[in-house]
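Reading the structure
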Amino acid sequence: METEPGGVGGTVCLSYNQDCTSLAIGMRTGYRLFSLSSVEHLDLVHESFDLPDVYIVERLFSSSLVVVVSHSKPRQMNVFHFKKGTEICNYNYSANILSIRLNRQRLVVCLEEAIYIHNIKDMKLLKTLLDTPRNGSGLCALSINHSNSFLAYPGSSSTGEIVVYDANMLKTECSIPAHDSPLAAIAFSPTGTKLASASEKVSPVLCASFLHPKLA
């Protein structure tokens, strides 16, 4: 089925799933999920118009679990099983949700000054990281390799420090002074053993990478 991504209600956000086999599109009228099995067109997997102004939509690999946040309720995370047409749960937070990351073990919700870590199997809240440095863009990265489940987020709002947190063991692994200026991007390698970062200053494509001894 050929479909134009912005064909209904206008596109608000786009996101790939963890292994880039699916594309999620948030719209003013709801959201759509597409399979990327073909390079010639997008195959529509699911669409919903129950929530308007969707600005975050994340699918767990190629499963039926999808996480949605709407501008109508920016502090509420909604988790759905779209094939069954049921809502698994919803959680409300103390401030607007800026980003969500997930793998087969953990679901991470990032606010401007707090991070919440859930067990994805039952959605139980496992850990709340409060008073994290101001992070207005919700910048964070979660390893898609659930055996690692490393989480990276800014350790400073003025410099490019990165905190690496073990989301499985629920403890801080290390802090990396990666850049002199604030972070612009961070991403783990598919295995979760390397982390690349870029800063806002001079050249945003100049990346630093590391291999933590414990991850090797």
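Rules behind the numbers
- The residue numbering used here restarts from 1 in each chain and proceeds along that chain's sequence as written.
- For a predicted model such as this one, the threshold for reporting local features is a pLDDT of at least 70, and the threshold for listing and counting side-chain atom pairs is 80 or more; totals across whole chains, interfaces and linings nevertheless cover every residue.
- The side-chain quantities take in all heavy atoms of the structure and omit both hydrogens and water.
- Segments assigned H or I by DSSP are reported as helices when at least four residues long, segments assigned E as strands when at least two residues long, and all are numbered from the N terminus.
- Pairs of residues are marked as contacts when any of their non-hydrogen atoms sit within 4.5 Å.
- We define a polar contact as two N or O atoms separated by no more than 3.5 Å, with the added condition that, inside protein, one atom must be a possible hydrogen donor and the other a possible acceptor, whereas residues neighbouring each other in sequence contribute only through side-chain atom pairs.
- Summary of the burial criterion: residues with accessible area below 20% of their type's maximum are buried, those above 50% are exposed, and those between are partly exposed, where the area comes from a 1.4 Å probe applied to protein chains only.
- Only Phe, Tyr and Trp rings are paired, with Trp represented by its six-membered ring, and only when their centres lie within 6.5 Å; those with planes under 30 degrees apart are stacked, over 60 edge-to-face, the remainder tilted.
- As a reminder, the over-ring test applies to NZ of lysine and CZ of arginine, requiring each to be within 6 Å of the ring centre and within 35 degrees of the ring normal.
- Two strands are said to pair when DSSP picks up at least two bridges between them.
- Think of each axis as a best-fit line through the C-alpha atoms, taken over the contacting stretch in the case of a helix, with angles from 0 to 180 degrees between the N-to-C directions.

1. Quick look at the environment of S143
Position of S143 among the secondary structure elements: in the loop between β13 (141-142) and β14 (150-154). It is 8.1 Å that separates the C-alpha atoms of S143 and A187, two residues lying 44 residues apart in sequence. In contact with S143, not counting residues within four places along its chain, are N103, N148, S149, F150, F188, T191 and G192. Only 3.1 Å separates the side chain of S143 from the backbone nitrogen of N145, close enough to count as a polar contact.

2. A short note on unusual backbone geometry
At D53, a residue that is not glycine, the phi angle is positive and equals roughly 50 degrees. Assignment of secondary structure puts D53 in the loop between β4 (43-48) and β5 (54-59). Residue L170 is not a glycine yet carries a positive backbone phi of 60 degrees. In this structure, L170 sits in the loop between β15 (160-166) and β16 (171-179). The exposure class of L170 is partly exposed, given its relative accessible area of 27%.

3. Here's the deal with the packing of aromatic side chains
The tally for this structure, following the rule as stated, stands at one aromatic pair. Over the aromatic face of F61 sits the side chain of R104, whose NZ or CZ is 3.8 Å from the ring centroid.

4. What to know about the sheet that holds strand β6 (residues 65-70)
The sheet built from four strands is open, its strands ordered β5-β6-β7-β8 with antiparallel pairing. Each edge of the open sheet carries a strand with a single partner, namely β5 and β8 (86-92). Between one strand and the next, the sheet's axes are offset by a mean angle of 20 degrees, whatever the strand orientation. Bridge analysis of β6 against strand β7 (residues 73-81) gives five bridges, and the strand direction is antiparallel. Residue pairing in the sheet places V67 in a bridge with V79 of β7.

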